[in-house]
Amino acid sequence: MGRIKPQVLLQQSKRKKGPYHMNPMSMVFYSLTLVVFVFFLFATFRYWSIRLEKKHASVFENDNPSVESKKSDLPGYAVFRTSKGSIIMELYKESAPEVVDEFIDLCQKGHFKGMLFHQVIKHYVIQASHNKGTGSTEDWNLRGKKYTSMKHEAFMLGTSKGKHINKGFDLFITTAPIPDLNEKLIIFGRVVKGEDVVQEIEEVDTDEHYQPKLSIGIIDVDLRQMM
């Protein structure tokens, strides 16, 4: 048998090799593998991006207190020192934040020092204000008798609705449930201690305009964070 030369074997092997065709199943497998790999990369990137955003947000909140933390820093109580004794009020910082802010600001400016309770209606409401005008509380007393539904309890702290630029920030303390109170007042607190003082003020002698015959007033208001 003759010996085949290496050059001949190389030429024969080249002739046997044709163009390579990939199996369809192999193509599907490799495609799916690529898709899974890309999805894994995307999911990993997304996960760490969210983690980083949360970390930065947490640092930002620590450096810049949120509105909620500012609310919690506000005084939560006001102690009314009156000529009849002390009345402790809890302030509704959540339900009436703007009014509470205005009230606190005025307390710090001494707005309520010397303010008189100039209208007292027994079993209804007492009003303190620097404006001694009459009529509004009397009107409440007359119109209130027409209602039967009671929406609010006694010993609530409120102020009249609307801007206080001209008439100042007046104070109302209810001594009984008042019908349709939301139509008359903005409630921003309630008495938590000193109901007996409120009742003592309520029992003073008044004239035909519900004005006390003897002066009763607020000596000062102290703000407290906690009681």
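About the thresholds
Residues numbered from 1 in each chain as written. Predicted model: local features only at pLDDT ≥ 70, side-chain atom pairs only at ≥ 80, totals over all residues. Heavy atoms only, no water. Helix = DSSP H or I, 4+ residues; strand = E, 2+ residues; numbered from the N terminus. Buried < 20%, exposed > 50% of the residue type's maximum accessible area, 1.4 Å probe, protein only. Contact = heavy atoms within 4.5 Å. Areas by Shrake-Rupley, 256 points an atom, 1.4 Å probe, with all protein chains shown as cover. Phe/Tyr/Trp six-rings, centres within 6.5 Å; stacked < 30°, edge-to-face > 60°. Pairing = 2+ DSSP bridges. Arc of directions from axis to C-beta. Axes fitted to C-alpha atoms, helices over the stretch in contact; angles between N-to-C directions. Patch = residues over 30% accessible without salt bridge, like charges linked within 9 Å, V, L, I, M, F, W, Y side chains within 5 Å. Salt bridge = Lys/Arg side-chain N within 4 Å of Asp/Glu carboxyl O.

Draft legend 1. Just the overall build of the protein chain, in detail. Helix and strand content of the protein chain: 6 helices and 8 strands. Secondary structure elements of the protein chain, listed N to C terminal, follow the sequence α-α-α-β-β-α-β-β-α-β-β-β-α-β. Residue burial in the protein chain is summarised as follows: out of 227 residues, 34% are buried. Taking as baseline every contact in the protein chain between residues at least 6 positions apart, the subset at least 24 positions apart corresponds to 66%. Total accessible area on the protein chain is roughly 15,400 Å²; 58% of this is exposed by carbon and sulfur atoms.

Draft legend 2. Fine view of the packing of aromatic side chains. Tallied over the full model, the rule gives 6 aromatic pairs. Seen in terms of ring centroids, Phe112 and Phe169 are 5.9 Å apart; in terms of plane orientation they differ by 85°. Their pairing is edge-to-face. Highlighted residues: Phe112 in the loop between helix H4 (97-108) and strand S3 (116-121) and Phe169 in the loop between strand S5 (156-160) and strand S6 (171-174), separated in sequence by 57 residues. Taken individually, Phe112 and Phe169 each receive the classification buried, so the pair is uniform in this respect. Geometrically, the ring pair formed by Phe169 and Phe188 is edge-to-face, given 5.7 Å between the ring centres and 80° between the ring planes. Pair noted here: Phe169 is in the loop between S5 and S6 and Phe188 is in strand S7 (residues 185-193), with a separation of 19 residues, a long-range link. Residue Phe169 shares its accessibility class with Phe188, and that shared class is buried. The structure contains a cluster of three or more aromatic residues connected by ring pairs, namely Phe80, Phe103, Phe112, Phe169 and Phe188.

Draft legend 3. Examining the pairing of strand S4 (residues 125-129) more closely. Among the 5 residues in S4, 5 count as buried, and that is most of the element. Burial of S4 is two-sided: the residues Val125, Gln127 and Ser129 facing one way and the residues Ile126 and Ala128 facing the other way are all buried. Taken together, the 5 bridges between S3 and S4 define a ladder with antiparallel strand orientation. Of the residues in S4, the one forming a bridge with Gln119 is Gln127. In this antiparallel pair of consecutive strands, S3 and S4, the connection spans 3 residues, and His123 shows a positive phi of 60°. Relative to S6, S4 runs antiparallel, the two being bridged by 4 bridges. Across the sheet, residue Val125 finds its bridge partner in S6, namely Thr174.

Draft legend 4. Seen up close, unusual backbone geometry. The residue Phe155 is not glycine, and still its phi comes out positive at about 65°. Tracing the backbone through its elements, the reader meets Phe155 in the loop between helix H5 (136-144) and S5. Judged by relative accessible area, Phe155 falls into the buried class, the value being 16%. Positive phi, close to 65°, is recorded for Tyr210, a residue that is not glycine.

Draft legend 5. Up close: helix H6 (residues 195-202). For H6, the set of buried residues is Val197, Val198, Ile201 and Glu202. The buried residues of H6 occupy an angular sector of 145° when the element is viewed end-on, so they sit on one face. Considering only its buried residues, H6 is in contact with strand S1 (77-82), strand S2 (85-91), S3, S4, S6 and S7.

Draft legend 6. Focus on the sheet that holds S6. On the basis of which strands lie adjacent, the open sheet formed by 8 strands has the order S3-S4-S6-S5-S7-S2-S1-S8 and antiparallel pairing. Where the open sheet ends on each side, the last strands, each with one partner, are S3 and strand S8 (218-224). Shown here is a sheet whose adjacent strand axes are inclined to one another by a mean of 30°, direction ignored. Where S5 meets S6, 2 bridges bridge the pair, whose relative direction is antiparallel. Paired with Leu157 across the two strands is Ile173, which belongs to S6. Packing of H4 onto the sheet brings it into contact with S1, S2, S5, S6, S7 and S8, and relative to S8 it is tilted by some 120°. Against the sheet, H6 makes contact with S1, S2, S3, S4, S6 and S7, and its axis sits at roughly 120° relative to S2, the strand it touches most.

Draft legend 7. Looking closely at a nonpolar patch on the surface. A contiguous nonpolar surface patch, about 530 Å² in accessible area, is contributed by Leu34, Phe37, Val38, Phe40 and Leu41. Mapped onto the elements, Phe37 comes out in helix H2 (residues 24-63).

Worth remembering: the numbers are spatial, not functional.
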